[in-house]
Amino acid sequence: MQSTSTSNIAEKQDINSILNAERTRLSAQAGLVQLQHFKKPVERAFRAEERDKVTILFGGLTWKHEKLIQAVFKGSGYKCEVVPTPDVAAFQLGKEFGNNGQCNPTYFTVGNLVQYLQKLEKQGMSRQEIIDNHVFFTAGSCGPCRFGMYEAEYRFALQNAGFDGFRVLLFQQQEGIHAASGEPGLKFTVDFGMGMLNALHVGDTMQDLIHQVRPYETKKGETDRVFGEVGDDLAKCLRERPPFEILEATSGWLKNYLSRPEKKKLKNTLNTLGKIRENLYGRPFTDALESARERIDSIEVDRTRVRPIVKITGEFWAQTTEGDGNFNMFRFLEREGAQVLVEPIATWVAYLLYQAKFNAERRKDVQQYSTRKKLAAEFDYRKKVLGLAIGEVMWQYFYHRINRKLGGITHKLAPQPELDRLAAPFYNRFARGGEGHLEVGKNVYYTIHHLCHMVLALKPFGCMPSTQSDGAQSAVINRYKDMIFLPIETSGEGEVNAHSRVQMALGEAKAKAKLEFEQCLQRSGKSLEEIRAYVDEHPELKRPFYHVPHVEGIAGTAAQFVLHVSKRMDREAGVFRRSRIRMKEAAA
Ligand code: SF4
């Protein structure tokens, strides 16, 4: 009797669950169900009390940037390690543990983190120790391209690889960094922020310089050796220089005055200003830059070697990484006899600031839906644009200031308004994601200003914005007939194929550079031997920071150099002739 009633109850429950499922299906079909939106998982906070035992991991830039950024972390009291440059094995791991259909940098970077954690495990660390004692910091966005999914992708792959609970935090993510109560684990202090600014700009400048010097070094390997030492010393400075503290910098009545509790606000304001000044103009940092400049200038170069200049553009990560992620393209190009013109990270930041102004303008139009709010929206807009404009000016100033301190030969940041104007006929500025209109803008800019012989765009496999801009580039090439432009899709495989395509385009670029050089030599009226003999007598011309003025319309380093040396020779010959005439006149 009892068993019959139990089976009746079970049957009823089955019928109810089937009914409920069917009701949900029909409601969903009719659009009556509130969909469950994806909610980002709440990450365990990185708390201040964990600073001594938790190691911050990061990566994805060049070794110069990473070394300096790591130094700033360490100097601010954090344990910090760099995840090495991703290789093909990391890419395979990304494919194994990540979602299908991602863009190429996702596979590389996600797999790279898994690979690093697996290495820690092999070295004897338990999974729980790895999870508890490490956090990975990365940048993120809300899209529109797959960059918006990186954070989720890291979590998914880590979960699949057995590291569930490993913390992946975005720099801009408040809840992960801040503890629910108490002090946050990563504290954005003035010293930390200014240190990062210096690290980024010095890293960019070194990256540009190394590619300007290495192709012309007379002693093979010298550039890498010197830049390695310079990088170590600059990192040491960023890590070890003492922070500015107003109470330590003052004495006597002023110190007593600022120490009063009621003067705390004034003390803090002066302390902040002092810290900014110290970070930018303090002796330890400026001395370290000066010493770096002198050492780089000691590398001997021969600028009479004719090399085509290849401007690198493309997607942010693919054009920055120095490994398998872009088929080791920079080294390959140099081996093939080219000079690589790299893109600084600062350009991307400048682009974000520039774009933010237009986005604010658009939002203002949406916010001004009522007359009552019109004024408030206008005021907000103007305030925001002013802030962004000041930010832009300061960003440019600080970047170029570091350039000047480190020899003054680094390329200037391409002006954003001009890039926008040049790209406008081909690419809508509001088509966001990745490098947006920059890929098209840079291609035109570097070609029409004769700053390179060829543009090579590195585009990751599966990249949405790069695919869009590739579509536009065919119209660009049609407009600018003498442009040599090659887009290369970077995937984890197919290196030989990619290198062979680059070699073919480079052949054309070499011919262009050679012709330009020969025309310049002819214009100078001298032979290459005469130019070289003069350079041998004037060793300053073999220094990387010897300033060769830019001649409009000429791209090649050797061509520019020959014109300049020839001018110098003519000037000296003129002076010599005039002084001989004067001596003759005096003797007569
Ligand atoms: S820009 Fe392209 S490669 Fe980079 S994250 Fe977006 S979709 Fe991926």
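As the structure is a computational prediction, the values presented were derived from the model and not from experiment.

A. Inspection of the overall build of the protein chain at higher detail. Along the backbone of the protein chain there are 22 helices and 8 strands. Relative to its full complement of 588 residues, the protein chain shows a buried share of 49%. Put simply, 78% of the contacts in the protein chain that link residues at least 6 apart link residues at least 24 apart. Put simply, the protein chain shows about 29700 Å² of open surface, and 55% of that area lies on carbon and sulfur atoms. Distance between charge centroids for the protein chain: 5 Å, based on 83 positive and 71 negative side chains.

B. Local environment of the sheet that holds strand 1 (residues 55–58). One open sheet holds the 4 strands; their spatial order is 2-1-3-4, and the pairing between them is parallel. Two strands in the sheet have a free side with no partner beyond their single neighbour: strand 2 (79–82) and strand 4 (167–170). Each neighbouring strand pair of the sheet contributes to a mean axis angle of 30 degrees, computed without reference to strand direction. Note that strand 1 and strand 3 (residues 134–138) share 3 bridges and pair parallel.

C. Structural view of the sheet that holds strand 8 (residues 485–490). A sheet is described by the order of its strands in space; here 4 strands give the open sequence 6-5-7-8, paired in parallel fashion. In this open sheet, the two strands that pair with only one neighbour each are strand 6 (339–341) and strand 8. Each adjacent strand pair in this sheet contributes to an overall mean axis angle of 30 degrees, direction not counted. Pairing of strand 5 (residues 309–314) with strand 7 (residues 454–460), which is carried by 5 bridges, proceeds in the parallel orientation. The residue bridging Thr313 from the neighbouring strand is Ala457, located in strand 7.

D. Spatial organisation of helix 21 (residues 528–537). By the burial criterion, the buried members of helix 21 are Leu528, Ile531, Tyr534 and Val535. Taken end-on, helix 21 shows its buried residues confined to a sector of 125 degrees, consistent with a single buried face. More than 90 degrees from the buried face of helix 21, the exposed residues found are Glu529, Asp536 and Glu537.

E. Region of interest: a nonpolar patch on the surface. Together, Leu266, Leu270, Leu273 and Ile276 give the surface a local cluster of nonpolar side chains, amounting to about 300 Å² of exposed area. Tracing the backbone through its elements, the reader meets Ile276 in helix 12 (residues 264–281). Relative accessible area serves as the criterion here: at 31%, Ile276 is assigned to the partly exposed category.

F. Spotlight on the packing of helix 9 (residues 222–240) against helix 13 (residues 283–297). Following both chains from N to C, one finds helix 9 and helix 13 inclined at 175 degrees, their axes separated by 10 Å at the closest point. One finds that helix 9 runs roughly antiparallel with respect to helix 13. For the pair helix 9 and helix 13, the contacting residues are Val226, Phe227, Glu229, Val230, Asp233, Leu234, Cys237 and Leu238 in the first and Pro284, Phe285, Ala288, Leu289, Ala292, Arg295 and Ile296 in the second. Partitioned by chemical class, the residues of the contact of helix 9 with helix 13 number 12 nonpolar, no polar and 3 charged.

G. Focus on the packing of aromatic side chains. Summed over the entire model, instances satisfying the criterion amount to 17 aromatic pairs. Judged by centre distance (4.9 Å) and plane angle (35 degrees), the rings of Phe91 and Phe108 are tilted. You can see Phe91 sitting in helix 3 (residues 88–97) and its partner Phe108 sitting in helix 4 (residues 104–122), a full 17 residues away along the chain. Judged by relative accessible area, Phe91 falls into the buried class, the value being 2%. Note on Tyr445 and Tyr446: the rings are 5.2 Å apart at their centroids and 80 degrees apart in plane angle, and the pair reads as edge-to-face.

H. Geometry of the confidence of the model for the protein chain. Taken as a whole, the protein chain shows an average pLDDT of 89; of its residues, 94% reach a score of 70 or greater. In this model residues 174–181 is a low-confidence stretch, pLDDT under 50, and it forms 21 contacts with partners more than four residues away in sequence or in other chains.

I. Structural detail: the environment of Asn8. Looking at the element boundaries, Asn8 is found in helix 1 (residues 2–29). Looking at Asn8, the relative accessible area reads 43%, which means it is partly exposed. Here the alpha-carbon distance between Asn8 and Ser579, two residues 571 residues apart in the chain, equals 121 Å.

J. Structural detail: the pairing of strand 1. Because side chains alternate across strand 1, one face comprises the buried residues Thr55 and Leu57, and the other comprises Ile56 and Phe58, equally buried. Strand direction decides the pairing type here: strand 1 and strand 2, joined by 4 bridges, are parallel. Bridged to Phe58 within strand 2 is Val82. Viewed along the sheet, the connection from strand 1 through helix 2 (residues 63–75) into strand 2 turns out right-handed.

K. View of unusual backbone geometry. The residue Phe327 is not glycine, and still its phi comes out positive at about 60 degrees. Within the secondary structure, Phe327 is located in the loop between strand 5 and helix 14 (329–335). Assessed through its relative accessible area of 1%, Phe327 is described here as buried. In this structure, Asn328 takes a positive phi of about 50 degrees despite not being glycine. Of the residues examined, Asn328 reaches a relative accessible area of 28% and is grouped as partly exposed.

L. Main features of the environment of Glu50. Secondary-structure assignment places Glu50 in the loop between helix 1 and strand 1. Judged by relative accessible area, which is 5%, Glu50 ranks as buried. Put simply, Glu50 and His564 are 514 residues apart on the chain and 59 Å apart in space, counted from C-alpha to C-alpha. Apart from residues no more than four positions distant in its own chain, Glu50 is found in contact with Ala45, Asp132 and Arg167.

M. Focus on the side chain of Ser524. Along the chain, Ser524 turns up in helix 20 (residues 495–524). The class for Ser524 is buried, based on a relative accessible area of 10%. Setting aside residues up to four positions removed in sequence, Ser524 forms contacts with Val562 and Ser566.

N. Representation of the pairing of strand 8. Two elements, strand 7 and strand 8, share 6 bridges in a ladder whose sense is parallel. Bridging from a neighbouring strand, Pro460 pairs with Thr490 of strand 8. What joins strand 7 to strand 8 is helix 19 (residues 464–479), and the crossover it makes is right-handed.

O. Examining the environment of Pro184 more closely. If you trace the backbone, Pro184 turns up in the loop between helix 7 (174–177) and helix 8 (190–213). For Pro184, a relative accessible area of 15% gives the class buried. Here the alpha-carbon distance between Pro184 and Arg214, two residues 30 residues apart in the chain, equals 43 Å.

Quick notes on the rules
Residues numbered from 1 in each chain as written. Predicted model: local features only at pLDDT ≥ 70, side-chain atom pairs only at ≥ 80, totals over all residues. Heavy atoms only, no water. Helix = DSSP H or I, 4+ residues; strand = E, 2+ residues; numbered from the N terminus. Buried < 20%, exposed > 50% of the residue type's maximum accessible area, 1.4 Å probe, protein only. Contact = heavy atoms within 4.5 Å. Areas by Shrake-Rupley, 256 points an atom, 1.4 Å probe, with all protein chains shown as cover. Lys, Arg positive; Asp, Glu negative; His and termini not counted. Charge placed at Lys NZ, Arg CZ, Asp CG, Glu CD. Pairing = 2+ DSSP bridges. Axes fitted to C-alpha atoms, helices over the stretch in contact; angles between N-to-C directions. Arc of directions from axis to C-beta. Patch = residues over 30% accessible without salt bridge, like charges linked within 9 Å, V, L, I, M, F, W, Y side chains within 5 Å. Salt bridge = Lys/Arg side-chain N within 4 Å of Asp/Glu carboxyl O. Parallel < 35°, antiparallel > 145°, perpendicular 65-115°, else oblique. Nonpolar A, V, L, I, M, F, W, Y, C, P; charged D, E, K, R; others polar. Phe/Tyr/Trp six-rings, centres within 6.5 Å; stacked < 30°, edge-to-face > 60°. pLDDT = per-residue confidence, 0-100. Right-handed = clockwise from strand over helix to strand, strands pointing away.

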